[in-house]
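Take a look at the letters that make up each chain.
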Amino acid sequence: VTDLAAIVGVSHVTPGGSADAVDGRVPSWVVHPGNAAEVQSCVRAAGAEGLALVARGRGTHLAIGAPPTRLDLVVALDRLSRVVCHEAADMTVTVEAGCPLDALAEVLARAGQWLPLDPPRPHATTVGGLVAADLSGPLRFSQGRVRDLLIGIRTVGADGALVSGGGRVVKNVAGYDLPKLHVGALGTLGIVVEATFKLRPRPPWERAVVIACRSAEAAGEAALLAGDLGPAWLELAGPGGLPEGPGEGAAVVVGAAGIAEEVADAQARAVDLARASGLGALAVDDGAALRARFAAFATEPAAAVLRAAMLPTEVGAFVASVHRTGGPVRCLAHAASGVVRIAVQAAEPVAGLVARLRPPLEECGGSLVVERAPPALKAVLDVWGGPGPAFPLMRGVKQALDPAGLFAPGRFVGGL
Amino acid sequence: VPALASRLRSLVGADGVVDRPESLLVYECDGYTLERAVPEVVVLPRSPAEVSAVLRLLASERIAFVPRGAGTGLSGGTLPVEAPVMICTSRMQAIEAIDVANRRIVVQAGVVNQWVTNAVRAHGLRYAPDPSSQPACTIGGNVAENSGGPHTLKEGVTTNHVLGVELALPSGELVALGSAVEERPGYDLLGLVVGAEGTLGIVTRATLRLVRAPEAQRTLLAVFESVDAASAAVSGIIAAGVIPAALEMMDRLIVQAVEAAFRIGLPTDAGAVLLVELDGRAVGLDPEVERVVAVCRASGVREVRVARDELERAALWKCRKRAFGAVGRLAPNYCTQDGVVPRTRVPDILRAIAAAAERHRLRIANVFHAGDGNIHPILLYDERDRDEVRRVLAAGREILEACVALGGSLTGEHGIGVEKMALMPLLFSPDDLLVMTRLRAVFDPEGRANPHKILPDARVCVETRAPRRQAAM
């Protein structure tokens, strides 16, 4: 502790409390370094003592992952919150890991730009969390995920070295693609201290069309047709998937973004598509607000949230099968991306649901992850599922970059 | 080697092994011709299983190998350097599955880029990355190099369109990374393998994402008095919130060569020409064209031509896609460099290129992806003039140093290969390179997969062998 205090100053080291717990495990200390060099020193100090550490932004998404097998130190990155460099004309931004997404969005919006990633709770989500947890939302269908937009990264490695990958240009094939390795790695290969993204022009208009369907299967069919319209996003809500509707039926929601002419045209096409199939359609003016509500689904109150990945053509039937198994569940899917979230309202059925749904998904190259669940439930669940045939290589990567298990031990796939 | 060749024949058939010296000459270099080396034996497996069998044999004998697709690479990535065996994937040509509803295709590594789009065009789909060599280059090579192309400004490069690969590890084991499903928990090893230039193993199959062919396209050509004016237009177009499908610049020397070759009516006194393509929904396109034209006017454009039909569009693209061929009229040999700068620094790098040309008494033409700052200076030379070859290498190095100094990168799409290995420390610290070295060892602990590429530590021992490798100079 005296080492840490010497590095960051006494006021930036605090004893860990229950609010700092990661999946129920309380750290001994929380340290708030003020810059990348201090993060390096903290990692070296922790490494010398054999401590296990977890990096934290706002802590909003720490529920993702398996409980850590050890935890001594939380490295809070809230003081690394600068937008280092927004090159508007180059459409790139370099930003420190602790910067919240809403603050970043405000800077970018002044130039008519955005980082088109829309995870839940952007005001309480940091850039580091976005990268480490590979967060995304409805926009991923047209704009890609973190891996598609992240062009450079700075991390602190297990030996305390500052390691850079990628760069600040939008096209770059020099060296191995280190940025991608840290995306979704949950901080198990290093602490992300800075990230560089490519940006997009922020579309001036965003609207949506809600298409009411009689069943999840029918919604699946409608979603496939709507996908051909080239929407900005495409969500599928199972029965009760949206708080205020669509009641017993399901719905497909088609998002359109761009200039006014494009958006009006896309809305009209979606309405035509619905009518041609004998379905009701409702045009929604504030598309961005509706999209944000869909994005928020992942963190809405529930006993557990499961995330299933499959081929887009399987989404409708999958959602229908989840509802047939009974129990109080709500489903919302990034339909065209093949990602379905299941919010399970009570804890009891979760283990059974996971056991039933996971094997057929994994057989087809898909997955089922317990994205959020209380520690007691996680203790009896396999959060990640089978790590797949590449696991020996993944274990090799972990051993190569963090041989002593300093970073978030046990949090990731296969106990990494 | 004779014993090895016969064992290889037993694995892939008599017609799948090349070891006669005169036949091996074909494989002495790829599209990067400044350095040459002949492999001892070339093996052409017909399937992933045969790749695996060949690699198991090489593993048992601890023999190093270099993978190769069509040999169109531009950084010497397939140059055999202390790797006696070359493994060519060009006979692995099966398109194994097409899933129209999910917009996926599974192909073997030797399938040519252009064939992918040909196979799905009838369904209104295409494969987006379109390197200039797309009629010849293979998907396996594209994955290894993370290839780009003119249309990647909007759609992204290879890594954005590969959902899964089957990788043959140097041990011979086949391992699936990623799948047709978009996400799977675990480290993004697929992202690491794409662009690894064959140093982590050999990609044998790939599952690719297909995109809808655009409903409509508008292609326009804008003629400027100077590269500065054209560069200002590039920045202006991006600043106006328009992301063109392609945004290409050609300088005067290239325009003159193209016009001499194809006679399509380009003004040979222009300072620079921009080729702009917009695509998407028909309804949104004309307003975008108007915005682009307005930006060009504000930047002092001399003339804007909008292609009126597919024929005119094809003619405009012809001058861009065949620009490299036209360069053949300017000099016996040329070396295409590949560097990247932030797109606002394009005028700066063009000035640096012009200065390097003057300093080294060279002619350098420029045709490049201006929209993403990916420059392609073409250094003209005559390989019989050994001093000129030396000056070409020196100028190339200075241009890349300038790219890095401007905040850019050593390569946007051609790769590091052998060509730029020694320059890696300009871009990466010893700590960065150490991490890359450690990652490589996870896949290839014995360093047998395409040795002496990308990571500069190896270069030290390679350079002592320079006389053999630089025979062409």
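What you are looking at is a predicted structure, and each value in this text was computed from that prediction instead of being measured.

**A word on the packing of helix 9 (residues 260-276) of chain A against helix 10 (residues 282-298) of chain B**
Link 1 in the chain: Where helix 9 of chain A meets helix 10 of chain B, the closest approach of the two axes is 8 Å, and the angle between their N-to-C directions is 175°. As far as their axial angle goes, helix 10 of chain B and helix 9 of chain A are roughly antiparallel. Contacts between helix 9 of chain A and helix 10 of chain B involve Glu261(A), Glu262(A) and Asp265(A) on the former and, on the latter, Val283(B), Gly284(B) and Pro287(B).
Link 2 in the chain: For the contact of helix 9 of chain A with helix 10 of chain B, the per-class residue count stands at two nonpolar, one polar and three charged.

**Quick look at the interface of chain A and chain B**
Link 1 in the chain: In this complex, chain A contributes 73 residues to the contact, which on the side of chain B involves 79 residues.
Link 2 in the chain: Taken over both partners, the interface formed by chain A and chain B buries close to 6300 Å², and the fraction arising from carbon and sulfur atoms is 59%.
Link 3 in the chain: The largest per-residue losses of area from chain A upon contact with chain B belong to Lys171(A), Val173(A) and Tyr176(A), which jointly make up 16% of the total buried on that side.
Link 4 in the chain: Counting across the chain A and chain B interface gives seven salt bridges.
Link 5 in the chain: Inspection of the chain A/chain B interface yields 25 residue pairs in polar contact (both at pLDDT 80 or more).

**Here's the deal with the environment of Leu117(A)**
All names here are of chain A.
Link 1 in the chain: Looking at the element boundaries, leucine 117 is found in the loop between strand 7 (113-114) and helix 4 (127-132).
Link 2 in the chain: Separated by 26 residues in sequence, leucine 117 and glutamine 143 have C-alpha atoms that sit 7.6 Å apart.
Link 3 in the chain: Residues in contact with leucine 117, not counting those within four places in the same chain, are Leu130, Gly144, Arg145, Val146 and Leu149.

**Focus: the sheet that holds strand 1 (residues 13-15) of chain A**
Residue and element names in this part refer to chain A.
Link 1 in the chain: Pairing within the open sheet is mixed, and its four strands lie in the order 1-2-4-3. The open sheet has two free edges, formed respectively by strand 1 and strand 3 (53-56), since each of these has just one partner strand. Sheet twist, expressed as the mean angle between neighbouring strand axes with direction ignored, is 25°.
Link 2 in the chain: Pairing of strand 2 (residues 29-31) with strand 4 (residues 73-76) involves three bridges; the strand directions are parallel. Residue tryptophan 29 lies in a different strand from strand 4, and its bridge partner there is leucine 73.

**Description of the nonpolar core**
Link 1 in the chain: The biggest cluster of nonpolar side chains holds 189 residues, and the ones touching the most others in it are Phe197(A) and Ile342(A).
Link 2 in the chain: The element that contributes the greatest number of residues to this core is helix 14 (residues 386-405) of chain B, accounting for eight residues.
Link 3 in the chain: Residue contacts for Ile342(A): discarding those within four places in its chain leaves Ala304(A), Val305(A), Leu306(A), Phe318(A), Val322(A), Val329(A), Arg330(A), Cys331(A), Leu353(A) and Leu357(A).
Link 4 in the chain: In terms of nonpolar packing, the next biggest core, distinct from the first, is built from 25 residues, Val223(B), Val258(B), Leu266(B) and Ile378(B) among them.

**Describing helix 11 (residues 315-324) of chain A**
Link 1 in the chain: Inspection of helix 11 of chain A places Val315(A), Gly316(A), Phe318(A), Val319(A), Ala320(A) and Val322(A) among the buried residues, and these make up the whole buried set.
Link 2 in the chain: Buried positions along helix 11 of chain A lie against helix 8 (216-227), strand 13 (233-237), strand 16 (304-309), strand 17 (329-334), strand 18 (339-344) and helix 12 (350-363) of chain A.

**Section: the sheet that holds strand 6 (residues 104-108) of chain B**
Residues and elements named next belong to chain B.
Link 1 in the chain: Taken in spatial order, the five strands of this open sheet run 5-6-10-8-9, and their pairing is antiparallel. Two strands bound the open sheet, and with one partner strand each, they are strand 5 (95-99) and strand 9 (174-178). Taken pair by pair, the neighbouring strands of this sheet meet at an average axis angle of 15°, ignoring direction.
Link 2 in the chain: Relative to strand 10 (residues 202-209), strand 6 runs antiparallel, the two sharing five bridges.

**Notes on unusual backbone geometry**
Of all residues except glycine, most have a negative phi; of all peptide bonds, most are trans.
Residues and elements named next belong to chain A.
Link 1 in the chain: Here the phi dihedral of methionine 91 falls at roughly 55°; this positive angle occurs in a residue that is not glycine.
Link 2 in the chain: Take methionine 91: it is sitting in the loop between strand 5 (83-87) and strand 6 (92-96).
Link 3 in the chain: Of note, aspartate 134 is a non-glycine position whose phi angle comes to about 50°, a positive value.
Link 4 in the chain: Inspection of the secondary structure puts aspartate 134 in the loop between helix 4 and helix 5 (140-143).
Link 5 in the chain: Taking the relative accessible area as the measure of exposure, aspartate 134 reaches 22% and is therefore partly exposed.

**Overview of the side chain of Glu96(A)**
Link 1 in the chain: As for its position among the elements, Glu96(A) is in strand 6.
Link 2 in the chain: Look past the residues within four positions of Glu96(A) in its chain and what remains in contact with it is Arg79(A), Leu80(A), Ser81(A), Arg82(A), Val84(A), Val127(A), Val193(A) and Glu194(A).

**A word on the pairing of strand 3 (residues 65-68) of chain B**
It is a general feature of regular strands that their side chains alternate between the two faces of the sheet.
Residue and element names in this part refer to chain B.
Link 1 in the chain: Neither face of strand 3 is left uncovered, since the one carrying Phe65 and Pro67 and the one carrying Val66 and Arg68 both have all their residues buried.
Link 2 in the chain: As defined by bridge partners, strand 3 adjoins strand 4 (residues 85-88) across four bridges and the pair is classed as parallel. Among the inter-strand pairings, phenylalanine 65 is bridged to a residue of strand 4, identified as valine 85.

**Observations regarding the pattern of salt bridges**
Link 1 in the chain: Scanning the entire structure with this criterion turns up 54 salt bridges over all chains.
Link 2 in the chain: Salt-bridge contacts for Glu155(B) lead to Arg126(B); the nearest nitrogen and oxygen are separated by 3.2 Å. One end of the pair, Glu155(B), is in helix 6 (residues 152-155); the other, Arg126(B), is in strand 7 (residues 125-126), and 29 residues separate them in sequence.
Link 3 in the chain: When its relative accessible area of 24% is taken as the criterion, Glu155(B) is described as partly exposed.
Link 4 in the chain: Ionic contacts of the salt-bridge type, sharing partners, join the residues Arg140(A), Arg307(A), Arg341(A), Glu371(A), Glu182(B), Glu183(B) and Arg209(B) into one network.

**Observations regarding the packing of helix 14 (residues 391-401) of chain A against helix 16 (residues 430-443) of chain B**
Link 1 in the chain: The interhelical angle for the contact between helix 14 of chain A and helix 16 of chain B, taken along N-to-C directions, is 150°, at an axis separation of 9 Å. Here helix 14 of chain A is positioned roughly antiparallel relative to helix 16 of chain B, judged by the angle of their axes. In this structure, helix 14 of chain A crosses over helix 16 of chain B, and the sense of that crossing is right-handed. When helix 14 of chain A is examined against helix 16 of chain B, the residues Leu393(A), Gly396(A), Val397(A), Ala400(A) and Leu401(A) are found in contact with a partner set consisting of Val435(B), Arg438(B), Leu439(B), Val442(B) and Phe443(B).
Link 2 in the chain: Broken down by class, the residue content of the contact of helix 14 of chain A with helix 16 of chain B amounts to eight nonpolar, one polar and one charged.

**Points about a nonpolar patch on the surface**
Link 1 in the chain: There is a patch of nonpolar side chains on the surface, built from Ile95(B), Ile98(B), Val100(B) and Trp115(B) and spanning about 290 Å² of accessible area.
Link 2 in the chain: The residue Val100(B) is located in the loop between strand 5 and strand 6 in this model.

**Brief notes about the confidence of the model for chain B**
Residues and elements named next belong to chain B.
Link 1 in the chain: Summary statistics for chain B give a mean pLDDT of 92 and a share of 96% for residues scoring 70 or more.
Link 2 in the chain: Scored below 50 in pLDDT, residues 458-473 shows 30 contacts in the model against residues more than four places distant or in partner chains.
Link 3 in the chain: Model confidence for the complex is summarised by a pTM of 0.96, with the ipTM given as 0.97.

**Examining the environment of Asn102(B)**
Link 1 in the chain: Tracing the sequence through the fold places Asn102(B) in the loop between strand 5 and strand 6.
Link 2 in the chain: Counting along the chain gives 78 residues from Asn102(B) to Ala180(B), while the straight-line C-alpha distance between them is 8.8 Å.
Link 3 in the chain: Apart from residues no more than four positions distant in its own chain, Asn102(B) is found in contact with Leu311(A), Pro312(A) and Thr313(A).
Link 4 in the chain: Of the polar contacts made by the side chain of Asn102(B), one reaches the side chain of Thr313(A); its length is 2.7 Å.
Link 5 in the chain: There is a polar contact of 2.8 Å between the side chain of Asn102(B) and the side chain of Asp99(B).

**A short note on the side chain of Arg358(A)**
Link 1 in the chain: Inspection of the secondary structure assignment puts Arg358(A) in helix 12.
Link 2 in the chain: Those residues in contact with Arg358(A) that lie beyond four places of it in its chain are Leu368(A), Val369(A), Val370(A), Asp382(A), Val383(A), Trp384(A) and Gly385(A).

**A few points about the packing of aromatic side chains**
Link 1 in the chain: Throughout the structure, instances matching the rule amount to three aromatic pairs over all chains.
Link 2 in the chain: Centroid distance Phe412(A) to Tyr187(B): 4.8 Å. Interplanar angle 35°. Geometry classified as tilted. Pair noted here: Phe412(A) is in the segment after helix 14 and Tyr187(B) is in the loop between strand 9 and helix 7 (189-193), and the two residues belong to different chains. Across the pair, Tyr187(B) and Phe412(A) agree in class, each one buried.
Link 3 in the chain: Feature note: the residues Trp384(A), Phe412(A) and Tyr187(B) constitute an aromatic cluster, connected by ring pairs.

**Quick notes on helix 14 of chain B**
Residue and element names in this part refer to chain B.
Link 1 in the chain: Between its first and last C-alpha, helix 14 extends 29 Å over 20 residues, near the 28 Å set by a 1.5 Å rise per residue.
Link 2 in the chain: Residues Glu388, Val389, Arg391, Val392, Ala395, Gly396, Ile399, Leu400, Ala402, Cys403 and Val404 constitute the buried set of helix 14.
Link 3 in the chain: Between a side-chain oxygen at the N-terminus of helix 14 and the backbone nitrogen of aspartate 387 the separation is 3.2 Å; the capping residue is aspartate 385.
Link 4 in the chain: Positive backbone phi, approximately 90°, marks glycine 407, located one or two places after helix 14.

Conventions adopted
- Residues numbered from 1 in each chain as written.
- Chains lettered and ligands numbered in written order.
- Predicted model: local features only at pLDDT ≥ 70, side-chain atom pairs only at ≥ 80, totals over all residues.
- Heavy atoms only, no water.
- Axes fitted to C-alpha atoms, helices over the stretch in contact; angles between N-to-C directions.
- Helix = DSSP H or I, 4+ residues; strand = E, 2+ residues; numbered from the N terminus.
- Parallel < 35°, antiparallel > 145°, perpendicular 65-115°, else oblique.
- Contact = heavy atoms within 4.5 Å.
- Nonpolar A, V, L, I, M, F, W, Y, C, P; charged D, E, K, R; others polar.
- Buried area = accessible area lost by both parts, 1.4 Å probe.
- Salt bridge = Lys/Arg side-chain N within 4 Å of Asp/Glu carboxyl O.
- Polar contact = N/O pair within 3.5 Å; in protein donor to acceptor, adjacent residues only side chain to side chain.
- Pairing = 2+ DSSP bridges.
- Core = buried A, V, L, I, M, F, W, Y, C linked by side-chain atoms within 4.5 Å.
- Buried < 20%, exposed > 50% of the residue type's maximum accessible area, 1.4 Å probe, protein only.
- Left-handed = near helix turned anticlockwise from the far one by under 90°.
- Patch = residues over 30% accessible without salt bridge, like charges linked within 9 Å, V, L, I, M, F, W, Y side chains within 5 Å.
- Areas by Shrake-Rupley, 256 points an atom, 1.4 Å probe, with all protein chains shown as cover.
- pLDDT = per-residue confidence, 0-100.
- Phe/Tyr/Trp six-rings, centres within 6.5 Å; stacked < 30°, edge-to-face > 60°.
- Expected span 1.5 Å × (residues − 1).

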